[in-house]
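Below, each chain spelled out in residue letters.
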Amino acid sequence: TLSSSSAASDVYKRQLLALVLLAVSLVAGRAEAADEWVVRQSRHDVAETTRRLEDAVVRSGSVVLAVIDHQDAARQVGETIAPTTVVIFAKPKLSTPLMKENRQLAIDLPQRILVWDDGGSTRIGYISPFSLAERYGMSGDRREWEEMRTSLEALVQAAAARGERRREAGEP
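Quick summary incoming for the structure in this document. (Residues numbered from 1 in each chain as written. Predicted model: local features only at pLDDT ≥ 70, side-chain atom pairs only at ≥ 80, totals over all residues. Heavy atoms only, no water.)

### Brief notes about the overall build of the protein chain
Moving on, step 1. If you tally the helices and strands in the protein chain, you get 6 helices and 5 strands.
Moving on, step 2. Sorting the 172 residues of the protein chain into buried and exposed places 37% on the buried side.
Moving on, step 3. Nonlocal contacts in the protein chain, meaning residues at least 24 apart in sequence, comprise 70% of its contacts between residues at least 6 apart.
Moving on, step 4. In the structure as shown, the protein chain presents an accessible area of about 10200 Å², 54% of it carried by carbon and sulfur atoms. (Helix = DSSP H or I, 4+ residues; strand = E, 2+ residues; numbered from the N terminus. Buried < 20%, exposed > 50% of the residue type's maximum accessible area, 1.4 Å probe, protein only. Contact = heavy atoms within 4.5 Å. Areas by Shrake-Rupley, 256 points an atom, 1.4 Å probe, with all protein chains shown as cover.)

Below, the structure written as structure tokens:
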């Protein structure tokens, strides 16, 4: 039917966008060894932590642009990897003023949070925004960097903390 064809097309477009974002990240947005990673442990498995993270991103007013499931991608080519997921999201009100100062920063934005299985423990982490400021020779004193750090930490805490995930009406 037309609606199932349209839904399949939407899924294809999302997957294509995720692959393009991943390719850009791998080719041009490599993390330098000096980058400061902020890593926390989650009380939930990777799938639940990722669901909770997506919910928290939406509630924060940011937009989830892509969720990249590396385990699924590996499975599709006959490889295996422990659960590893990247959630890519944007909050243009914070990032646009920074990119206006240095357009090269755009290769490291939108923001990303990694959720992965580390030998049976779920980890959730991100690169410190202050590392990005340093990488691009920008002042770390701008309020946007601190707001970004505060936002990332709140999202990580919401995804990793104990308690029920907030559910929308009609969601199982």
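On we go from here.
### What to know about the packing of helix H4 (residues 92-101) against helix H6 (residues 143-160)
Moving on, step 1. Across the interface, H4 lies against H6 with an axial gap of 9 Å and an inter-helix angle of 140 degrees. Considering only the axes of H4 and H6, their crossing is left-handed. Residues Leu94, Pro97 and Leu98 of H4 lie in contact with H6, whose contacting residues are Glu144, Trp145, Glu147 and Met148.
Moving on, step 2. Classifying every residue of the contact of H4 with H6 gives 5 nonpolar, no polar and 2 charged. (Axes fitted to C-alpha atoms, helices over the stretch in contact; angles between N-to-C directions. Left-handed = near helix turned anticlockwise from the far one by under 90°. Nonpolar A, V, L, I, M, F, W, Y, C, P; charged D, E, K, R; others polar.)

### Topic: the packing of helix H2 (residues 46-59) against H6
Moving on, step 1. Here H2 crosses H6 at 135 degrees, and the two axes come no closer than 8 Å. Classed by the angle they form, the pair H2 and H6 counts as oblique. Crossing of H2 against H6: the hand is right-handed. Two secondary-structure elements touch here, H2 through Thr49, Arg52, Leu53, Ala56, Val57 and Arg59 and H6 through Leu155, Ala158 and Ala159.
Moving on, step 2. Of the residues contributing to the contact of H2 with H6, the split by class is 6 nonpolar, 1 polar and 2 charged. (Parallel < 35°, antiparallel > 145°, perpendicular 65-115°, else oblique.)

### Regarding the sheet that holds strand E1 (residues 37-42)
Moving on, step 1. A sheet is described by the order of its strands in space; here 5 strands give the open sequence E1-E5-E4-E3-E2, paired in antiparallel fashion. One side of each edge strand has no neighbouring strand; the edge strands of this open sheet are E1 and strand E2 (63-69). The average undirected angle you get between the axes of adjacent strands in this sheet is 20 degrees.
Moving on, step 2. Direction of pairing for E1 relative to strand E5 (residues 121-127): antiparallel, over a ladder of 6 bridges. If you follow Val38 over to E5, its bridge partner there is Tyr126.
Moving on, step 3. The strands touched by H2 within the sheet are E1, E2, strand E3 (84-90), strand E4 (111-118) and E5, with E4 carrying the most contacts at an inclination of about 160 degrees.
Moving on, step 4. Relative to E5, H6 is tilted by about 170 degrees, and along the sheet it contacts E1, E3, E4 and E5. (Pairing = 2+ DSSP bridges.)

### Overview of H6
Moving on, step 1. Here H6 is 18 residues long and its end C-alpha atoms lie 26 Å apart, about the 26 Å a rise of 1.5 Å per residue gives.
Moving on, step 2. Taken as a whole, H6 has its buried residues at Glu144, Trp145, Met148, Ser151, Leu152, Glu153, Leu155, Val156, Ala159 and Ala160. (Expected span 1.5 Å × (residues − 1).)

### Quick look at the nonpolar core
Soluble, globular proteins show a tendency: their nonpolar side chains are buried together.
Moving on, step 1. Core analysis: the biggest nonpolar cluster contains 26 residues, and Leu53, Phe89, Leu105, Ile113, Ile124, Trp145 and Leu155 have the highest contact counts within it.
Moving on, step 2. Elements that contribute at least two residues to this core include exactly H2, E3, H4, E4, E5, helix H5 (129-135) and H6.
Moving on, step 3. Residue contributions to this core peak at 7 residues, all from H6.
Moving on, step 4. If we ignore the near neighbours within four places in the chain, the residues touching Ile113 are Leu53, Thr85, Val86, Val87, Phe89, Ile124, Gly125, Tyr126, Leu152, Leu155 and Val156. (Core = buried A, V, L, I, M, F, W, Y, C linked by side-chain atoms within 4.5 Å.)

### Some details on the side chain of Thr122
Moving on, step 1. Assignment of secondary structure puts Thr122 in strand E5.
Moving on, step 2. Take Thr122: its relative accessible area is 6%, and that puts it in the buried class.
Moving on, step 3. Beyond its immediate chain neighbours, meaning those up to four positions away, Thr122 contacts Arg40, Gln41, Ser42, His44, Asp45, Val46, Thr49, Val115 and Trp116.

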